[in-house]
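What follows is each chain in one-letter form.
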Amino acid sequence: MNIKEIAKLTGVSVATVSRSINQPEKVSPETRERILKVIRQLDYVPNPSAQSLSTGQTRTVACVVPTLRNEFFNQLVEGCQKVLLQANYKLLIYSQSSMPGQERPDNRSVDGMVIYVSDFSGSEEVREYLQNVKVPYVLIGNPEQMGLDGPVTSVYMEDYEGVQMALRYLYAEGNRIFGVLAATEDTFIGRRRAQAVRDFFEEYPDCLCRMQFVSYGDQLRQSVECTRRLLEQGERPTAMITFNDMMAVGALRCLHSGGIRVPEEMELIGFDDIPLASYFTPALSTVAVPNRRLGEKAAELLLRRLSTGHEMAQYVLYPVELRLRESTKNLVNSGDL
């Protein structure tokens, strides 16, 4: 079964059948319904390669993330995919941790891109990377920190405030010696959150902060080792924060192995609120981020741009929330206990 046979059965031209599938707004509702009825009866599936040739569109979007080893990025991708599937778009997923050098999707194979930009070492690299992207794109990240020129559409969360929120809570609990597991500062996300830590301790000089840096990759193993080093550096901290929940898992493992009780001897707050956070032992207090919503919104903005063809500059910033569970002493405002 092909498009010519469908046209013959419905008494319309091949062009009308094609428009009914690819540009339904250009076909009358009565004609389109007649064509769709035949398509359903015959279980016809359009050839995507032929569609691409006739429309100049692939109906495919690429999503580029730093890694798929962190549940946060999996949720983001799921949010993006949900919106795209509803609009009849396919999603290709690219993990930079598995891409040699600065490879990117072939611009000819996708209509647009959603790009999480945390895994770059500087604004110059970001600009060079994006200059070679010839299709519309939406960034997930803070455009002010990237120093990009021209209109940029992006979505992000208030992670700087989230880090400070966690530190202020632990300070109010009476903690004065802190351990921090941070992302390396050759990433935007690591640099921004590390600055939030430094600004906090500059404001509170009565505190001591010890920071260990964990790079992308095997964060679980690295966070165990980094926590061990924190515990060996002089007087032991009474509170820890981590820049994501995956690091917090490693920290919990190390603390448990060392016989350190959480939260009685060490309070711990993660970041992201991945689905497993409330199932850890103890359940993890964390800074909750709208993980899926970031992906959904990025996809919505990209689809809007693809449909209008207009360049736009829009920055959507989502708030974060401190969600207290069993890894901190005070359970006021606990999220899902």
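As the structure is a prediction and not an experimental result, all values here were calculated from the model.

A. View of helix α11 (residues 245-257). Over its 13 residues, α11 runs 18 Å from end to end, which matches the ideal 18 Å to within 8%, given 1.5 Å per residue. Looking only at α11, the buried set comprises Asp 245, Met 246, Met 247, Ala 248, Gly 250, Ala 251, Leu 252, Cys 254 and Leu 255. Two or three places before Met 246, at the opening of α11, Asn 244 has a side-chain oxygen 3.0 Å from that residue's backbone nitrogen.

B. Region of interest: the state of the cysteines. In this structure the tally under the stated criterion is 0 disulfides. The cysteine Cys 207 is free of any disulfide, with Cys 209 supplying the nearest cysteine sulfur at 9.1 Å. Between Cys 226, a free cysteine, and Cys 254, which holds the nearest cysteine sulfur, the sulfur-to-sulfur gap is 9.8 Å. Residue classification places Cys 226 among the buried residues on the basis of a relative accessible area of 2%.

C. Region of interest: the side chain of Thr 60. Tracing the chain through its elements places Thr 60 in strand β1 (residues 60-65). A polar contact is formed between the side chain of Thr 60 and the side chain of Lys 90, at a distance of 3.4 Å. Beyond its immediate chain neighbours, meaning those up to four positions away, Thr 60 contacts Tyr 89, Lys 90, Leu 92, Ser 109, Val 110, Asp 111 and Gly 112.

D. How the structure looks around the sheet that holds strand β2 (residues 90-95). Ordered in space as β2-β1-β3-β4-β5-β11, the 6 strands form an open sheet in which the pairing is parallel. The sheet is open, and its two edges are formed by β2 and β11 (315-318), each paired on a single side. Across the sheet, the mean angle from the axis of one strand to that of its neighbour is 15°, orientation sign disregarded. Where strand β5 (residues 154-157) meets β11, 4 bridges bridge the pair, whose relative direction is parallel. Paired with Val 155 across the bridge in β11 is Val 316. Running at roughly 160° to strand β4 (residues 137-140), helix α12 (residues 291-308) makes contact with β1, β3 (112-116), β4, β5 and β11 of the sheet.

E. Geometry of the nonpolar core. The biggest cluster of nonpolar side chains holds 76 residues, and the ones touching the most others in it are Tyr 116, Ile 241 and Phe 243. Those residues in contact with Phe 243 that sit more than four places away from it in its chain are Val 180, Leu 181, Ala 182, Ala 183, Gly 190, Arg 193, Ala 194, Val 197 and Phe 271. Grouped together as the second largest cluster of nonpolar side chains are 15 residues, Met 113, Val 117, Val 126 and Leu 130 included.

F. Main features of the packing of helix α1 (residues 3-10) against helix α3 (residues 29-42). The interhelical angle for the contact between α1 and α3, taken along N-to-C directions, is 125°, at an axis separation of 10 Å. What the angle tells us is that α1 and α3 run oblique. Here α1 and α3 pass one another in a crossing that is right-handed. Taken together, the residues of α3 that come into contact with α1 (itself represented by Ile 6, Leu 9 and Thr 10) are Arg 34, Ile 35, Val 38, Ile 39 and Leu 42.

G. How the structure looks around the pattern of salt bridges. According to the stated counting rule, one finds 18 salt bridges in the structure shown. For Asp 206, the salt bridge goes to Arg 176, with nearest N and O atoms at 3.2 Å. Taken as a pair, Asp 206 in the loop between α9 (188-203) and β7 (208-214) and Arg 176 in the loop between α8 (159-172) and β6 (177-183) lie far apart in primary sequence, 30 residues in all. On the basis of relative accessibility, which here comes to 30%, the residue Arg 176 falls in the partly exposed class. The salt bridge partner of Glu 300 is Arg 293, with a shortest N-O separation of 3.0 Å. For Glu 300, a relative accessible area of 27% gives the class partly exposed.

H. Representation of the environment of Pro 263 within the structure. Assignment of secondary structure puts Pro 263 in the loop between α11 and β9 (267-272). For the pair Pro 263 and Asn 330, spaced 67 residues apart in sequence, the C-alpha separation works out to 9.5 Å. Residues within four places of Pro 263 in sequence aside, it is in contact with Glu 326, Ser 327, Thr 328 and Lys 329.

I. Local environment of the packing of aromatic side chains. For the structure shown, the criterion picks out 9 aromatic pairs. Aromatic side chains Phe 72 and Tyr 116 sit 6.1 Å apart centroid to centroid with 80° between the ring planes, which places their arrangement in the edge-to-face category. Here Tyr 116 lies in strand β3 and Phe 72 lies in helix α5 (residues 71-86), a separation of 44 residues in the sequence. The residues Phe 72 and Tyr 116 share a single accessibility class, namely buried. Centroid distance Phe 73 to Tyr 116: 5.0 Å. Interplanar angle 90°. Geometry classified as edge-to-face. With Phe 73 in helix α5 and Tyr 116 in strand β3, this pair connects stretches of sequence that are 43 residues apart. Tyr 116 matches Phe 73 in its accessibility class, with the two residues each being buried.

The rules behind each value
- Residues numbered from 1 in each chain as written.
- Predicted model: local features only at pLDDT ≥ 70, side-chain atom pairs only at ≥ 80, totals over all residues.
- Heavy atoms only, no water.
- Helix = DSSP H or I, 4+ residues; strand = E, 2+ residues; numbered from the N terminus.
- Expected span 1.5 Å × (residues − 1).
- Buried < 20%, exposed > 50% of the residue type's maximum accessible area, 1.4 Å probe, protein only.
- Polar contact = N/O pair within 3.5 Å; in protein donor to acceptor, adjacent residues only side chain to side chain.
- Disulfide = S-S within 2.5 Å.
- Contact = heavy atoms within 4.5 Å.
- Pairing = 2+ DSSP bridges.
- Axes fitted to C-alpha atoms, helices over the stretch in contact; angles between N-to-C directions.
- Core = buried A, V, L, I, M, F, W, Y, C linked by side-chain atoms within 4.5 Å.
- Parallel < 35°, antiparallel > 145°, perpendicular 65-115°, else oblique.
- Left-handed = near helix turned anticlockwise from the far one by under 90°.
- Salt bridge = Lys/Arg side-chain N within 4 Å of Asp/Glu carboxyl O.
- Phe/Tyr/Trp six-rings, centres within 6.5 Å; stacked < 30°, edge-to-face > 60°.

Take it as geometry only, folks, not as evidence of what the structure does.
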